[in-house]
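Okay, here's what each chain looks like letter by letter:
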Amino acid sequence: MINYMKSEWYRIIHSKEIYTFTGTAGGMAFLLNLIHFIANRKIEGFRYGTISFSFSFLVSGMHIILAAGAILAMFLFSGERKNGIMRNTVACGISREKIFLGKTIVCSAVAFLSMFVILTVYLGSACLLLDGPIQPALKETLTGVSAVLLCAVASVILELLFLVLFEKDVAAMLGWAAVMAVIPKILLIAGLKIEICARIASWMPWNYLSSEVSASLSGGYQCLWDTTEGFMKCVISGAAGILIFLAAGLIFGRRQEV
């Protein structure tokens, strides 16, 4: 499995997908702050050119980290069966379980490095270009990112699982969206009548990142990760997602057609 992981790592760092994804996302983050910087200088009384407002996009929209991990996984590992890559890998004597486990490790590591670069550009450009105090906005943002980090890894594994189940990328992405966003909302609605559904829904990242996180223009934050219980809720749900999706991937990976 180590040799397989090395080969995948080499393939990824020598392909354009990771650099295209990271460069595009980082460029969009920088452009957002640059637009606010220019508006600050050109529009009298412009209220949105502050560090706290820029960071509020990410604080109140941590879902984007989950979605970005899934999109990156799709870019890196789509079309393996169509291109014959899986067939050749299995023919070399590597089990399907080891292939899936190796993918999750390599993809998670690459996604973390990509996120680090994008966040550095986003947070750094905001601090350099925009007005207002850096704290507590920076602390709130970094705490939120660290809280949802395991959820982001679970999101990556979930997308890899659906890439195993479905040959088409669109089907895999729709499956990810169903499990990550649609089913949690259905359970949330069902929870209005059924208590057990409400409890399950409250532990699903898409739900609590929508209902238990808010950021105002003035820099006020109401985030569940500000408390020990809320932070641990993010960590536990992320760890549970990793275990569940990894187990499912190993089970279904055995039956994967190549």
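Above this note sits the structure.
Conventions used here
- Residues numbered from 1 in each chain as written.
- Predicted model: local features only at pLDDT ≥ 70, side-chain atom pairs only at ≥ 80, totals over all residues.
- Heavy atoms only, no water.
- Axes fitted to C-alpha atoms, helices over the stretch in contact; angles between N-to-C directions.
- Helix = DSSP H or I, 4+ residues; strand = E, 2+ residues; numbered from the N terminus.
- Parallel < 35°, antiparallel > 145°, perpendicular 65-115°, else oblique.
- Left-handed = near helix turned anticlockwise from the far one by under 90°.
- Contact = heavy atoms within 4.5 Å.
- Nonpolar A, V, L, I, M, F, W, Y, C, P; charged D, E, K, R; others polar.
- Buried < 20%, exposed > 50% of the residue type's maximum accessible area, 1.4 Å probe, protein only.
- Polar contact = N/O pair within 3.5 Å; in protein donor to acceptor, adjacent residues only side chain to side chain.

Q: When you look at the packing of helix α7 (residues 96-129) against helix α9 (residues 149-165) in this model, what are you seeing that I'm missing?
A: Relative orientation and spacing of two packed helices are given, respectively, by the angle between their axes and the distance between those axes. Where α7 meets α9, the axes come as close as 10 Å, and the angle between the chain directions of the two elements is 135°. On the basis of their axis angle, the class for α7 and α9 is oblique. The element α7 and its partner α9 pack so that their crossing is right-handed. Contact residues: F100, K103, T104, C107, S108, A111, F112 and M115 in α7; L149, V153, V156, I157, L160, L161 and V164 in α9. When the residues that make up the contact of α7 with α9 are grouped by side-chain class, the tally is 12 nonpolar, two polar and one charged.

Q: Sorry if this is basic, but what is going on with the side chain of S15 here?
A: On the secondary structure map, S15 appears in the loop between α1 (2-13) and α2 (17-42). Judged by its relative accessible area of 14%, S15 falls in the buried class. Here I12 takes part through its backbone oxygen, which lies 2.8 Å from a polar atom of the side chain of S15.

Q: Would you take a moment to explain the environment of I99 for this structure?
A: With respect to the helices, strands and loops of the structure, I99 is situated in helix α7. Given a relative accessible area of 1%, I99 falls into the buried group. C-alpha separation for the pair I99 and M1, spaced 98 residues apart in sequence, amounts to 7.1 Å.

Q: Before we go on, may I ask you to explain unusual backbone geometry in this structure?
A: Excluding glycine, residues mostly carry a negative phi; peptide bonds, for their part, are mostly trans. P136 follows Q135 through a cis peptide bond whose omega is 5°. The residue P136 is located in the loop between α7 and α8 (137-147) in this model.

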